[in-house]
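Remarks on the overall topology
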Amino acid sequence: MKKILVAMMIMIMMCSFAFAGGASETATTEATTETATAAPVRNADKPVVFYNRQPSDPVSGEIDMETMNWNDSTFYVGFDAAGGGAVQGQLIVDYLATADPAVIDRNGDGIIGYVLCIGDVGHNDSRARTEGIRKALGTWNGTTDPGDVKEGSANVGGTTMRVVELEGRAMTGTDGSTWNANAATDAMSGWATRFGNQIDMVVSNNDGMAMGCLQASNYPAGVPIFGYDANADAIEAIGAGTLTGTVSQNVDAQAAGTLQVLRNLLDGLTGEDVYTVGITEPDQYGNKISAEMVYVPETKALLAQNTGVNASNWQQYTEGTRDAGISQSSAPTKRVLLTVYNSADNFLSSSYVPALRYYAPLLNIELNIVQGDGQNEGSCLDRFTNVGNYDAFAINMVRTNSGPDYLERLRY
């Protein structure tokens, strides 16, 4: 009897140990499952990159740092606007320095008269270009406002000549869109009629408006004209001798930079790695942007540098030249919602978006591109939806002060 009792006690103890072990195994399994099924990332914590249009006050141009500090993963990728304006101004000055005064001064009045196509008076890039042009020609009067200028001077073929801005006008379309090429065509037609041979030079804040000017049926043949952006049709026009010069803002560096910053953030990089890895130094896949880019910590902005383009070097900027420093990576695929403020914008549609479509698959980024009408913020904002389906966002606004409207969609 005693032996039976002992045996029963041993069996009870063994069952107890087995039960405890089973419970422990179940608990471990549940914990592992819970760890594997991590909580989804809140939209408010996802990476956000503003590009091409820096969040800012449209009147003062002051950078909207409240928007830029939305979260630790918010950045801006663009180009050095102030430096670009100076590059355009220098391009014009260099041209005049080698020009024949007797040829460029069409009416022989000793004055270089020019007209100026302004893109958008509330856009920092347009402001910087207008300022760069006017400072180079001495017509800067402390403001980028149309018409607020003073008489300047420039070295023209070894002779100092007076410079006058005959008129500067913001090119706004009948639909309210800015940087409008058709408006530039109409303006140029009016200028040619109004000023006649007083016009010795035409300058534009971008290539689209410059090419619009050339479309005017009464454009004064042979008058030098300068644009900005190095779009494919502008480069071709330089080669053909109809456009005098433009400025490359290194669109491939900008597009690849926008995607690389997003890629770095999505891969969990932090600190300076976000804006250096794959940009100024190789990433784990060996990718590195070839063009120079500079980070400005005060505004969380990664900026491509600008170069002047004219008859001496236009062939270096022909269409289809992509950055050989970016090749296929094996990073996990991520989804990005990207807005374009205006589907008709010449620079974005013909240069920037094609570059994005080229580099995104190489970085294993799946882009959903939504394009607005350039006038109504809702044309982009109303399609900035289903944000929970995306891992990150790239935002190009209609108005530079609309950043908070997009971020509100990501609040939760």
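Our subject in this report is the structure included herewith. What you see is a predicted model, and the numbers here were worked out from it, not measured in a lab.

Bringing the side chain of Ser-126 into the picture now. In this structure, Ser-126 sits in helix α5 (residues 124-137). In terms of polar contacts, Ser-126 uses its side chain to reach the side chain of Asn-205, at 2.7 Å. Sequence-distant contacts of Ser-126, that is, excluding residues within four places in its chain, are made with Ile-118, Gly-119, Asp-120, Trp-179 and Asn-205.

Each pair of aromatic rings is reported with the distance of its centres and the angle of its planes. Following the criterion strictly, the structure yields 9 aromatic pairs and no others. Seen in terms of ring centroids, Phe-384 and Phe-393 are 5.5 Å apart; in terms of plane orientation they differ by 55 degrees. Their pairing is tilted. The same class applies to Phe-384 as to Phe-393, namely buried. Judged by centre distance (5.3 Å) and plane angle (80 degrees), the ring pair of Phe-384 and Tyr-406 falls under edge-to-face. Remark: Tyr-406 occurs in helix α13 (residues 403-408) and Phe-384 occurs in the loop between α12 (378-381) and β14 (392-395); sequence separation between them is 22 residues. Residue Phe-384 shares its accessibility class with Tyr-406, and that shared class is buried.

On to the sheet that holds strand β13 (residues 365-371). Reading across from one edge, β9-β10-β2-β1-β14-β12-β13 is the order of the 7 strands in this open sheet, with mixed pairing throughout. Of all strands in the sheet, those with a lone pairing partner are β9 (293-296) and β13, marking the two edges. Each strand axis lies, on average, 20 degrees off the axis of its neighbour in the sheet, ignoring direction. Direction of pairing for strand β1 (residues 48-51) relative to strand β2 (residues 74-79): parallel, over a ladder of 4 bridges. Considered in β2, the bridge of Val-49 is made with Phe-75. The strands touched by helix α9 (residues 251-266) are β1, β2, β9, β10 (301-304), β12 (334-340), β13 and β14; relative to β2, the strand with the most contacts, the crossing angle is about 165 degrees. Those strands touched by helix α11 (residues 346-362) are β1, β12 and β13, and its axis lies near 160 degrees from that of β13.

Calculation rules
Residues numbered from 1 in each chain as written. Predicted model: local features only at pLDDT ≥ 70, side-chain atom pairs only at ≥ 80, totals over all residues. Heavy atoms only, no water. Helix = DSSP H or I, 4+ residues; strand = E, 2+ residues; numbered from the N terminus. Polar contact = N/O pair within 3.5 Å; in protein donor to acceptor, adjacent residues only side chain to side chain. Contact = heavy atoms within 4.5 Å. Phe/Tyr/Trp six-rings, centres within 6.5 Å; stacked < 30°, edge-to-face > 60°. Buried < 20%, exposed > 50% of the residue type's maximum accessible area, 1.4 Å probe, protein only. Pairing = 2+ DSSP bridges. Axes fitted to C-alpha atoms, helices over the stretch in contact; angles between N-to-C directions.

Limitation: the analysis is restricted to geometry and does not speak to function.
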